[in-house]
Amino acid sequence: MDGHHQLIGHVRRGPRPGPTVAALLLAVVPLAFLGVFFLLPLGGMLTRGFVPDGQLDLGAVGDVLGRSRTARVVGFTLGISTLATAVTLALGLPTAFALHRLAIPGADALRALVIMPFVMPAVVVGVLWRGLLASSGPLGWLGLDGSWVAILLAMVFFNVAVVVRTVGAAWDGLDPRTAEAAAALGAPPLHVLRTVLLPALRPAILSAASVVFLFCSTAFGVVLTLGGLRYATIETEIYFLTTSLLDLQGAAVLSVLQLVAVVALLWVTERARRAGRGVRRRGRRESRRLPLRRHHLPALAVLGAVIALILAPLLGGLARSLRRGGEWTLANYADLALAQPGVGVSGWQALGTSWRIAVDAALLSVVLGLLVSLAVTRRPRSRTGRSLLAGLDAAFMLPLGVSAVTIGFGFLITLDRPPLDLRSSPVLIPIAQAMVALPLVVRTIAPVLRHVDPRQGEAAATLGAGPLRRWVTVELPVLWRPLLAAVGFALAVSLGEFGATSFLIRPDDPTMPVLVYRLIGRPGAAEQGTAMAAAVVLAAVTVAVMALVERLRISSVGAF
Amino acid sequence: MGGVPSRLAGARTSGSGKGLRCEDVSVTFGELRAVDHVDLAVAPGEVVAVLGPSGCGKSTLLRAVAGLEPLASGRVLWHGEDLAGTATHRRGFAMMFQDGQLFGHLSVARNVGYGARLRGLRGSALDAEVARLLDLVGLSGRGEDDPLTLSGGQQQRVALARSLGAGPRLILLDEPLSALDRELRERLAADLRSVLADSGTSAILVTHDHGEAEVIADRVVQMEAGRLASTAP
């Protein structure tokens, strides 16, 4: 009896530090950042709203929610986001099919074109669409300027990339033989689509839809530039309440409402995704693309429409930037070198500021994102360990769902006194932007690590390799490309970040998106034209960065 | 405090056993008992085949021996020493996987020399060792190839050379030939037999193919539903 107990004790002797412990060690620094630069500002913002005089005051909740304007804003946010998500899916799914399954000449270039809008700065996109739809613009006769249709178009423009990327990558990953088997059993193509392909793609479609809805319902720059005062979403309303009315209670209530809705949405989608059955994935081999047939015409027509939708504002904005006083001219671009009235810096100086901040933000977010990715991709054996890592993963997705405006304002009110008096510090903006980019960086790196076959590490272990050597052999070689891609991705996101930056930036040293927004709000034709030129330049820079990223062929960039 | 007497107890019960000894080994996945109180011994230089249908727990047993699965009960001993606290990479049990699990970004030579490098071999000594191993599996001169461009049979030869190159006390062969076609399987089985005999390494072979087990192993044990059924000579 005694011996038996000793035997069991002996078997369990010396628990070695497992994957869970390693994950927690890796996550220490990112967690500290998340705590100080996300939860603390968020908490500060909420405290201001709910505990205004040192006492919990929830009276404001009913008050704010009862306002007719709040109901209108929430209704508009839900309505436009639902509609935009539906339209984006309707256009995105056929586009994903056309670009990932059909043998279309130049498909690589078209795929790159479709992905570009995703990283374009929201303010820039808004300004470009205005250039196209304004009464003086090429499509001015449609009378869409300042209407909700303009907001809808811009949202679809942005998010088609998410659907094409996410669903396209999943489609590439399917074993074509499953569909072939169904066809061989006598199923016509549409039946194969309904019974085999759509169920297999369901998780990807669901997560794309939820992310698109998320991006639409938290859209800020686009609504701010295209919606004017007539249309407001929760996000622009938070901005309006905070900056114009100083109604912090109202802003806090809306922030919490948004956060709760976003967390609920992410939770529901994750459950729906998990409910999907496993479908065969194929290996690394490229599957053959289908030759074009007559019945592919509808998909090709949708692809054409999507390309037109993407090119229209780009070309329209470009055309608008080349005109002043009814003539074709480069004057708007020449003016980028001039100090702008009321701002004090030139367009090129603002671009330099943007670039410097973006480089710092990208490096920071990639270092943090790498640590997080390494942590959440450890493979604990115990259920507790796995839930812990899932929780960790979810925690670092939170910045995706919280209004950047809330974060920006939270920074202002919590990090302005000792021990952390950073208000005038130049590190504040890169840190805020890094927090915004962090979820996207993790989403780029972690899938690549998850893809590594755990038996590779086991093989190395049985050959005598210790933990560090195993990591160097198995994971390090696959990391450098997603790392580079993540740097570019984070750089592009930071270059266009507006929500948080607009709170933190010094008025006399604006970033490019802030400059564009300020210029577009001014009445003069010269300022409007310069704003358009600045928007085109910033769009070109982010697109150039993403084009380099695209060459790395990391399919997880922009996929969810 | 409990550790010392139990270690003595362990030495008393199995001190005589040379080579590998599994005593009362069980592995569970939740409710499922994949390996169910198994006893198995492999003498130095002996090749033992564990034969059974898929899902009978034979691969799990192999992984437990390698230290890749935690034991729910029992012990794995080498020369009478309990390996419970010994990490996989310190056991000296090289595992050869069904699909090779070659490192795709390393050349054939780097794959084969992986274990030798870890033992500190460098320069011409390492080159000579790699050449010897490649020669052993009939792939001389293919060192600079990309392993993923090789045929399935060649990949498994590289995997075998890589396992031998770690200088293991015991080789664990997990269905090493089942991904190959029949003709190749028969030829490679004979090669495997002679390579293992020449190197004098102990081995456990896990397979569902009776003929393969007969050709390669000195002794065949049957496994069914997590238990070793009977021992045939």
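None of these values were measured; they are calculated from a predicted model. (Residues numbered from 1 in each chain as written. Chains lettered and ligands numbered in written order. Predicted model: local features only at pLDDT ≥ 70, side-chain atom pairs only at ≥ 80, totals over all residues. Heavy atoms only, no water.)

Observations regarding the interface of chain A and chain B
Here is the rule we go by: Contact between two residues is taken to exist if any of their heavy atoms lie within 4.5 Å; hydrogens are not considered. For any pair of parts, buried area is found by adding up, for both, the accessible area (1.4 Å probe) each one loses once the two are put together. A pairing counts as a salt bridge when a side-chain nitrogen of Lys or Arg comes within 4 Å of a carboxyl oxygen of Asp or Glu. N or O atoms within 3.5 Å of each other form a polar contact, as long as, within protein, one can give a hydrogen and the other can take it, and as long as residues adjacent in sequence are counted only when both atoms are side-chain atoms. A run of DSSP states H or I qualifies as a helix once it reaches four residues; a run of E qualifies as a strand once it reaches two. Both are numbered from the N-terminal end.
With 26 residues of chain A in contact, the opposing surface of chain B contributes 36 residues. Counting each side, the surface lost to burial between chain A and chain B is near 2700 Å², with a carbon and sulfur contribution of 56%. Where chain A packs against chain B, one counts three salt bridges. Its salt-bridge partner being A:Arg455, residue B:Asp99 comes within 2.8 Å of it at the nearest N-O pair. Counting across the interface, chain A meets chain B through 10 residue pairs in polar contact (both at pLDDT 80 or more). For the side of chain A that touches chain B, the secondary-structure elements that each account for two or more residues are helix H1 (2-11), helix H20 (454-462) and helix H21 (467-474) of chain A. If one sorts the elements of the side of chain A that touches chain B by residue count, H20(A) sits on top with seven residues.

Let's talk about the sheet that holds strand E4 (residues 73-78) of chain B
Residues and elements named next belong to chain B. Stated precisely, the cut-off is as follows: Two strands qualify as a pair provided DSSP detects at least 2 bridges between them. To obtain each axis, a line is fitted to C-alpha atoms, and for helices this fit is confined to the stretch in contact; angles are then taken between N-to-C directions over 0 to 180 degrees.
The strand order E2-E1-E4-E5 describes an open sheet built from four strands, whose pairing is antiparallel. Of all the strands in the sheet, the pair left with one neighbour each is strand E2 (32-42) and strand E5 (81-82). Bridge analysis of E4 against E5 gives two bridges, and the strand direction is antiparallel. Paired with Trp78 across the two strands is Glu81, which belongs to E5. Most of the contacts of helix H2 (residues 58-66) go to strand E1 (residues 20-29), to which it runs at about 115°, and overall it touches E1, E2 and E4.

Description of the UniProt feature "domain: ABC transmembrane type-1" (unreviewed entry) in chain A
So the rule is basically this: UniProt positions are given in the numbering used here, feature names are shortened, and annotations may be inferred rather than shown by experiment.
This chain's UniProt record puts "domain: ABC transmembrane type-1" (unreviewed entry) on residues 74-269 and 351-549 of chain A. Along residues 74-269 of chain A, the helical share is 78% and the strand share 0%, with 21 Å between the first and last C-alpha atoms.

Here we look at the packing of aromatic side chains
All names here are of chain A. The cut-off we apply is this: Only centres within 6.5 Å qualify two rings of Phe, Tyr or Trp (six-membered ring in Trp) as a pair; their planes then separate them into stacked at under 30 degrees, edge-to-face at over 60, and tilted for everything else. Any residue under 20% of the maximum accessible area for its type is buried, any over 50% is exposed, and the rest in between are partly exposed; the area is computed with a 1.4 Å probe on protein chains only. For a Lys NZ or an Arg CZ to count as sitting over a ring, it must be within 6 Å of the ring centre and within 35 degrees of the ring normal.
Within the structure shown, the criterion is met by 14 aromatic pairs over all chains. With a centroid separation of 5.9 Å and 80° between ring planes, the pair formed by Tyr239 and Phe503 is classed as edge-to-face. On the criterion of sequence distance, the pair formed by Tyr239 in helix H11 (residues 234-243) and Phe503 in helix H23 (residues 501-504) is long-range, its members being 264 residues apart. The same class applies to Tyr239 and to Phe503, which are both buried. Members of the aromatic cluster, each reached through a chain of ring pairs, are Phe220, Tyr239, Phe498, Phe503 and Tyr517. Looking at Arg323, its charged tip hangs above the ring of Trp328, at a distance of 4.6 Å from the centre.

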